Amino acid sequence: MTEKKLHRTGQEKPDRIILQINIIIFMGSNMHILVISDIHSNYTALDAVIKDAGNFDQVWCLGDVVGYGPEPDECIRRLREFAPVCLAGNHDLAVAGSLGLGDFTKEAREMIVWTRARISGSHLNWLKSNPSTALIMEHGITLVHGSPRDPIWEYISAREVAKDNLGFIDTPVCLNGHTHMPVIYRKPWDGLKVLEERLPVNTPIRLTLDRMFINPGSVGQPRDEDPRAAYALIDLEAMSLTHRRVQYDVSATQKLMKAARLPGSLIRRLRFGQ
Ligand SMILES: [Zn+2]
């Protein structure tokens with residue numbers, strides 16, 4: 001795999017200016033990719049996903065490695081062992097000090113401050129230097145945390161949003177995270193409408209048929225009422241993506257959160273996948 005920094009652009013919003021870094025990546029055709037997103041410092045869930053995924057050649061992480069959970073440093077260390085293509089999520093940038101806290105909820109803000117005090121300087125720099133978008137050139141796949149239009153903040157959570165974002169990508173497929181909901185927004189090449197579909201579990205989807213936004217769901221804080229960790233595997237040779245779920249020891253993560261006196265609502269939601 002080789003990568004090069006494409007360009008940097010400043011994105012301006014009323015209370016923030018984010019430096020965006022975009023990269024282009026070239027990789028082999030017969031690789032198997034583990035796609036993960038929104039780990040949110042849940043090491044137990046991350047470890048379960050890595051073990052369940054079996055053999056893979058590369059990791060693509062769609063951002064928000066930290067925030068909410070009890071083991072930020074451990075998650076970054078484990079992830080970096082794979083030299084992943086890892087995007088910067090809103091929580092990652094806030095922890096790294098590149099993003100103000102004004103747009104976060106009270107619990108999220110509390111956890112960003114808590115997390116910042118618990119990760120090493122080199123890990124902070126890594127979070128800060130991760131790109132906002134990545135383009136997997138030969139395979140026609142764009143990676144973002146939020147959306148192509150606003151990689152840091154926008155939630156692709158409705159057909160209209162997906163439709164509006166089609167004009168911001170040059171590839172047939174875009175993988176995104178941020179909403180913690182496994183979902184596909186699909187626009188057939190010969191159709192006008194964007195369709196919303198649940199991402200089926202254990203059923204390969206062809207990536208060459210339609211224009212698609214695919215969210216693999218969240219590793220560390222799923223919100224689709226299924227508490228199991230969510231992820232996806234891509235076979236670049238077959239150009240197919242398979243969504244998977246794996247049970248992990250939710251109570252182990254909750255125990256660590258209780259011991260660290262983290263907000264009760266964040267602890268409880270893991271049990272229900274909310
Ligand atoms: Zn996010």
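Residues numbered from 1 in each chain as written. Predicted model: local features only at pLDDT ≥ 70, side-chain atom pairs only at ≥ 80, totals over all residues.

(A) The nonpolar core, seen in detail. Of all hydrophobic cores here, the largest spans 72 residues; its most connected members are Val 35, Ile 36, Cys 61, Leu 143, Val 219 and Tyr 231. Examining the composition of this core, we find that 6 residues originate from one element, strand E13 (residues 229-235), more than from any other. (Core = buried A, V, L, I, M, F, W, Y, C linked by C-beta atoms within 7 Å. Buried ≥ 20, exposed ≤ 12 C-beta atoms within 10 Å, placed from the backbone. Helix = DSSP H or I, 4+ residues; strand = E, 2+ residues; numbered from the N terminus.)

(B) Highlighting the confidence of the model for the protein. Taken over all residues, the pLDDT of the protein has a mean of 92, while the share at 70 or more is 93%. Overall, residues 1-16 carries pLDDT values under 50, and its contacts beyond four positions in sequence, including any with other chains, amount to 29 contacts. (pLDDT = per-residue confidence, 0-100. Contact = placed C-beta atoms within 7 Å.)

(C) Region of interest: unusual backbone geometry. We note that Asp 38 has phi near 50°; this positive angle belongs to a residue other than glycine. Among the structural elements, Asp 38 can be located in the loop between strand E3 (32-36) and helix H1 (43-53). Phi at His 180 is positive, roughly 65°, even though this residue is not glycine.

(D) The arrangement of the packing of helix H7 (residues 250-259) against helix H8 (residues 264-272) in detail. The geometry of H7 relative to H8 is characterised by a closest axis approach of 10 Å and an angle of 175° between their N-to-C directions. Between H7 and H8, the angle falls in the class roughly antiparallel. Residues Val 250, Thr 253, Gln 254, Met 257 and Lys 258 of H7 lie in contact with H8, whose contacting residues are Leu 266, Ile 267, Leu 270 and Arg 271. Tallied by class, the residues present in the contact of H7 with H8 amount to 5 nonpolar, 2 polar and 2 charged. (Axes fitted to C-alpha atoms, helices over the stretch in contact; angles between N-to-C directions. Parallel < 35°, antiparallel > 145°, perpendicular 65-115°, else oblique. Nonpolar A, V, L, I, M, F, W, Y, C, P; charged D, E, K, R; others polar.)

(E) Highlighting the environment of Lys 193. Note on placement: Lys 193 falls in the loop between strand E9 (183-188) and strand E10 (195-198). In this structure, the C-alpha to C-alpha distance between Lys 193 and Arg 244, residues 51 residues apart in sequence, is 27 Å.

(F) Focus on the environment of Leu 236. Along the chain, Leu 236 falls in the loop between E13 and strand E14 (240-246). In this structure the C-alpha to C-alpha distance between Leu 236 and His 32, which are 204 residues apart in sequence, comes to 6.2 Å. In this structure Leu 236 touches Ser 29, Asn 30, Met 31, Ile 33 and His 139, once residues within four positions along its chain are discounted.

(G) Broad picture of H8. Taken together, the buried positions of H8 are occupied by Leu 266, Ile 267 and Leu 270. Taken around the axis of H8, the buried residues stretch over an arc of 105°, which confines them to a single face. In H8, the exposed positions that point more than 90 degrees away from the buried face belong to Gly 264, Ser 265, Arg 268, Arg 271 and Phe 272. Close packing links the buried residues of H8 with helix H4 (106-116) and H7. Once H8 finishes, Gly 273 follows within two positions and takes phi at roughly 65°, a positive value. (Arc of directions from axis to C-beta.)

(H) Representation of the environment of Arg 80. Among the structural elements, Arg 80 can be located in helix H2 (residues 72-80). Given 15 C-beta atoms within 10 Å, Arg 80 falls into the partly exposed group. Spatially, the C-alpha atom of Arg 80 lies 17 Å from that of Ala 134, the residues being 54 residues apart in sequence.

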